[in-house]
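Structural characterization, general
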Amino acid sequence: MGAVPSTPRWGGELSQDTAEYLIGTFVGDKTFPLNSDYWQKLLELPFDLHWPAHRVEQACQAFARNNCSTRHLAKLLIHLTWCLQASLSTPDVQSVASIKAVNASYIASVFLKYSIEDLKSENLEDLNLSLDENEAIQHDIGKDESIINMVMHAILCYIGRVDISPKTYLLHHELLNFMLIAMSTQLLSGPSPGPNDVHPFIDAAMSEESSLVGLVVRKLLLNFITRPRTSSSASYTLLSEENRLGVLKRVGSAAGGTSLRRGVIQTVCLLFSGSSLFFPRRVANIVLLPLSYFVNSSVEASRSQLADSSINILLILIHYRKCILVESVKNSIAGVTSESLLKEETYFAENRYCKALENVRDVEFDRVDIEGNAHTGPLVRLSFASLFDTLGMCLGDETAVLLLYALVHGNSDFLEYVLVRTDIDTLLMPLLETLYDASRRTSNQIYMVLIILLILSQDSSFNASIHKLILPSVPWYQERLLHQTSLGSLMVIILIRTVKYNMSKMRDVYLHTNCLATLANMAPHVHRLSSYASQRLVSLFDMLSRKYAKLAELKNDKMQMSDSELKDDDKLPEDTSAELHIYTDFLRIVLEILNAILTYALPRNPEVIYAIMHRQEVFQPFRNHPRFNELLENIFSVLDFFNSRMDAQKLDGEWSVEKVLQVININCRFWRGDGMKMFTQLRFTYEQESHPEEFFIPYVWQLVISRSGFSFNPSSINLFPVELPVEVSFAAAEANTDQNIQLNVKEAVELSV
């Protein structure tokens, strides 16, 4: 039992029958024990097969039928573990063990993904990732040791401890792909983690020691920073001779034929030889992973597949939450579903990856914690300068924005580093450009950018420094030329523009609040705000006041009508009354912003004074309003002072902008602020909601699916809403060879947006 036909030497000519026999028996009903030489033959043998998509599907279906008895996937994972352990001993050499590890991770990935997608219940034991009781246990496998824990430990050890080089790149890449697939069990659960959720591979990663977790987090960040790429331009984009996607050509006898049930499965062949990485057409590994895993040649040169996979996995790990029942209620609610449990009855286990990211320190600044703060877990050290610069290059991508958020929110050392950088425009310019292009961005991306700006604006030195940094030009701002504009002025312009966009398109109160909160934090530190930014600030009050006036008029009209005259459709909706209160608060915040500038920074902002004088009529209707009159008193005190100075001027001819500004600049020197009321400065701080995982976990996986090209059966996803694509039979797809049909979640998500 376990004997296989002899195979040619590495790189030699290969019999199709031999190759098909090996893969066919893997998915078939014949069981091979763990110590059979079949596994060595399978993992050492180079494949050059091209199967049509429906044959790959049939192989997966045969595997699903037979794996419960053969336990071949569990055995393959054990061999992957052994290969990785052997590769760790000689990491700089492309040994047979590393080649076998690549093959094992390839094959395991495709069949594990199919198994996860096709789970018929939430019982992940149906994956059959344990050995049969009759299987002989090897001496290096503990009787009670979990195969999942064993393989995840080996993978994390390799990723964390082996440097990336031309000889290790491919194995790193495939191990990251495997991790992504293994952790995709989250897609099967709802958006709110519950105690009944089972994610064995992520839980295994969470159980690792802090020292290994620190190494993994550091390596994933280094991959993001260094952005390693393979030297071959043909990497991951190989096509068949017919210029169509190459897949395994024929299936072995064990993979019997059944009809295609969903979509077209796309797979690619990734090629390498035994001695060094190269990409010829003749010799290839078997690769069953979706083509959308890999980036094609049209993607910009700065993209790195390894960097993208690393940041995706890091975001999944740091946002994972293991929900645990409170001990006192475990026995009393047996059998109760997660949805019916109160949040007070559960808690989340500590996430060591999140802690490790919070403990990242700058390798170039070994500062002793003078405040005596205790650090839970080992410190992760890397170059903050390199991380800062890489983030600046990549913030057009949502995953980089999420990483920046995690750092500035959770890592006080990195936030401090960002705040003392004199070139803060490296980060701010791409963030502001994202807000400028809000119509082409997702609402989640806009929210995350605004939260980052709010966090930064909590620091007074940041608010002061952005007005000292002068931008020669802003090429992406199309409405008007912005020359020699301060970064602070540009930030004011973009935030106000975002409010205007939100009022017309999104109408999201949360977005309004974040924009105004950031402006309020900036206000006392405004220095020489540009004329355009000053005009936009006054226009913001005018825009909000017109919205407020419409809502107030609607309310007054309804109140003047007797109840008998009102029809059900005419009665003032409760949300309209609530909206009126909201816009009242917004107007107060804008008046507070203007007050803060006039109270603490008037001599430094003549353009703000000019803008208020130029549009002073917009404030007049609210002068006696009980909610606004006290805030408007200071504005009218400033108007009275400068209007009187204007009236005292004897001028030949008409006033020009330059002459008015000249009078304002001169009289700013004599301004003493007499009679001005001092209000407490508005200070807004960001506080994360009590259950952020309900936002971040679905958001991260949406990005993984829609941006990285990771495909997943839409009908299996419960984590977030997905529009299911129309099923197309394989026969129909074959009939039209010019049309490449790809039914994956990426398209479904795009259609639903």
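Residues numbered from 1 in each chain as written. Predicted model: local features only at pLDDT ≥ 70, side-chain atom pairs only at ≥ 80, totals over all residues. Heavy atoms only, no water.

Looking now at the overall build of the chain. Helix and strand counts for the chain stand at 27 helices and six strands. Within the span of the chain, comprising 753 residues, buried residues form 54% of the whole. Working note: accessible area of the chain is about 33800 Å², and carbon and sulfur atoms make up 49% of it. (Helix = DSSP H or I, 4+ residues; strand = E, 2+ residues; numbered from the N terminus. Buried < 20%, exposed > 50% of the residue type's maximum accessible area, 1.4 Å probe, protein only. Areas by Shrake-Rupley, 256 points an atom, 1.4 Å probe, with all protein chains shown as cover.)

Right, let's get into the nonpolar core. Counting residues in hydrophobic clusters, the biggest one holds 227 residues, and the most contacted among them are Phe26, Tyr353, Leu428, Phe619, Phe642 and Trp701. In terms of residues, this core owes the most to one element, helix α21 (residues 574-600), which gives 12 residues. The residues contacting Tyr353, other than those within four sequence positions of it, are Leu156, Ala205, Met206, Val213, Val216, Val217, Leu317 and Ile318. (Core = buried A, V, L, I, M, F, W, Y, C linked by side-chain atoms within 4.5 Å. Contact = heavy atoms within 4.5 Å.)

As a further point, take the environment of Asn667. Position of Asn667 among the secondary structure elements: in helix α24 (residues 657-668). For Asn667 and Met646, which are 21 residues apart along the polypeptide, the C-alpha to C-alpha distance reads 9.7 Å. Here Asn667 is in contact with Phe641, Phe642 and Arg645, once residues within four sequence places are set aside. Looking at Asn667, its side chain comes within polar contact range of the side chain of Arg645, at 3.3 Å. Engagement of the side chain of Asn667 in a polar contact is seen with the backbone oxygen of Val663, the distance being 2.7 Å. (Polar contact = N/O pair within 3.5 Å; in protein donor to acceptor, adjacent residues only side chain to side chain.)

All right, on to empty space enclosed by the protein then. The final tally for this structure, using the stated rule, is seven cavities of 30 Å³ or more. Looking at the largest cavity, its volume works out to about 110 Å³. Taken together, 15 residues line the largest cavity, and the ones lying closest to its centre are Pro193, Asp197, His199, Tyr320 and Arg321. A breakdown of the residues in the lining of the largest cavity according to their chemical character gives seven nonpolar, five polar and three charged. With six residues, the top contributor of residues to the lining of the second largest cavity is α21. Of the residues contributing to the lining of the second largest cavity, the split by class is seven nonpolar, four polar and one charged. (1 Å grid on protein atoms, 1.4 Å probe; cavity = no way out; pocket = protein on both sides within 12 Å on 5 of 7 lines; lining within 4 Å. Points joined across faces, edges and corners; volume = space filled by probe spheres on them. Nonpolar A, V, L, I, M, F, W, Y, C, P; charged D, E, K, R; others polar.)

Attention now goes to unusual backbone geometry. Non-glycine residue Asn128 carries a positive phi angle of around 55 degrees. With respect to the helices and strands, Asn128 occurs in the loop between α5 (96-117) and α6 (147-161). In this structure, Arg227 is a non-glycine residue whose phi angle is positive, near 50 degrees. Relative to the helices and strands, Arg227 resides in the loop between α9 (210-226) and α10 (305-319). Residue Arg227 is classed as buried on the basis of its relative accessible area of 12%.

This next bit is on the packing of aromatic side chains. Tallied over the full model, the rule gives 28 aromatic pairs. Grouping aromatic residues by their ring pairs yields a cluster made of Phe26, Phe32, Tyr38, Trp39, Phe63 and Phe111. Between the NZ or CZ atom of Arg421 and the centre of the ring of Phe388, over which it lies, the distance is 4.0 Å. Here the guanidinium or amino end of Arg480 rests over the ring plane of Tyr532, the centre of that ring lying 4.3 Å away. (Phe/Tyr/Trp six-rings, centres within 6.5 Å; stacked < 30°, edge-to-face > 60°. Lys NZ or Arg CZ within 6 Å of the ring centre and 35° of its normal.)

Attention shifts here to the pattern of salt bridges. Taken as a whole, this structure holds 17 salt bridges when the rule is applied. Taking the shortest distance from any N to any O, the salt bridge between Asp437 and Arg440 comes out at 3.0 Å. Of the residues examined, Asp437 reaches a relative accessible area of 12% and is grouped as buried. Salt bridges sharing partners connect three or more residues here, namely Asp542, Arg546, Arg615 and Glu617. (Salt bridge = Lys/Arg side-chain N within 4 Å of Asp/Glu carboxyl O.)

Structurally, Ser89 can be placed in helix α4 (residues 72-89). A residue is classified by how much of its surface remains accessible, and Ser89, at 56% relative accessible area, is exposed. Along the sequence, Ser89 and Val162 sit 73 residues apart, while their C-alpha atoms lie 9.9 Å from each other. There is a polar contact of 2.5 Å between the side chain of Ser89 and the backbone oxygen of Ala86.

With that out of the way, let us pick up the environment of Glu117. Within the fold, Glu117 resides in helix α5. Of the residues examined, Glu117 reaches a relative accessible area of 7% and is grouped as buried. Separated by 67 residues in sequence, Glu117 and Ser184 have C-alpha atoms that sit 8.9 Å apart. Polar side-chain contacts of Glu117 include one of 2.6 Å to the backbone nitrogen of Asn713.

Let us now look at helix α15 (residues 425-436). Helix length check: α15 (12 residues) gives 15 Å between terminal C-alpha atoms against 16 Å at 1.5 Å per residue, within 8%. Burial analysis of α15 places nine of its 12 residues in the buried class, the great majority of the element. The complete set of buried residues in α15 reads Leu427, Leu428, Met429, Pro430, Leu431, Leu432, Thr434, Leu435 and Tyr436. (Expected span 1.5 Å × (residues − 1).)

Put simply, the chain has an average pLDDT of 80, and 76% of its residues get 70 or more. With pLDDT under 50 throughout, residues 232-301 is counted as low confidence; its partners more than four residues away or in other chains account for 206 contacts. In the model, residues 727-753 has pLDDT below 50 throughout and makes 38 contacts with residues more than four positions away in sequence or in other chains. (pLDDT = per-residue confidence, 0-100.)

Attention now goes to the packing of α10 against helix α25 (residues 693-707). The contact between α10 and α25 brings their axes to 10 Å, and the two run at 160 degrees. One way to sum up the angle between α10 and α25 is to call them roughly antiparallel. Where α10 crosses over α25, the handedness of that crossing is left-handed. Residues Asn312, Leu315, Ile316 and His319 of α10 pack against Glu693, Phe696, Ile697, Val700, Trp701 and Val704 of α25. (Axes fitted to C-alpha atoms, helices over the stretch in contact; angles between N-to-C directions. Parallel < 35°, antiparallel > 145°, perpendicular 65-115°, else oblique. Left-handed = near helix turned anticlockwise from the far one by under 90°.)

The next point concerns α4. Spanning 18 residues, α4 covers 26 Å between terminal C-alpha atoms, matching the ideal 26 Å at 1.5 Å per step. The element α4 is largely enclosed, with a buried count of 13 among its 18 residues.

Among the secondary structure elements, His467 is positioned in the loop between α17 (460-465) and β5 (470-473). Sequence-distant contacts of His467, defined by excluding residues within four places in its chain, comprise Ser486, Gly488, Ser489, Met522, His525, Val526, His527 and Leu529.

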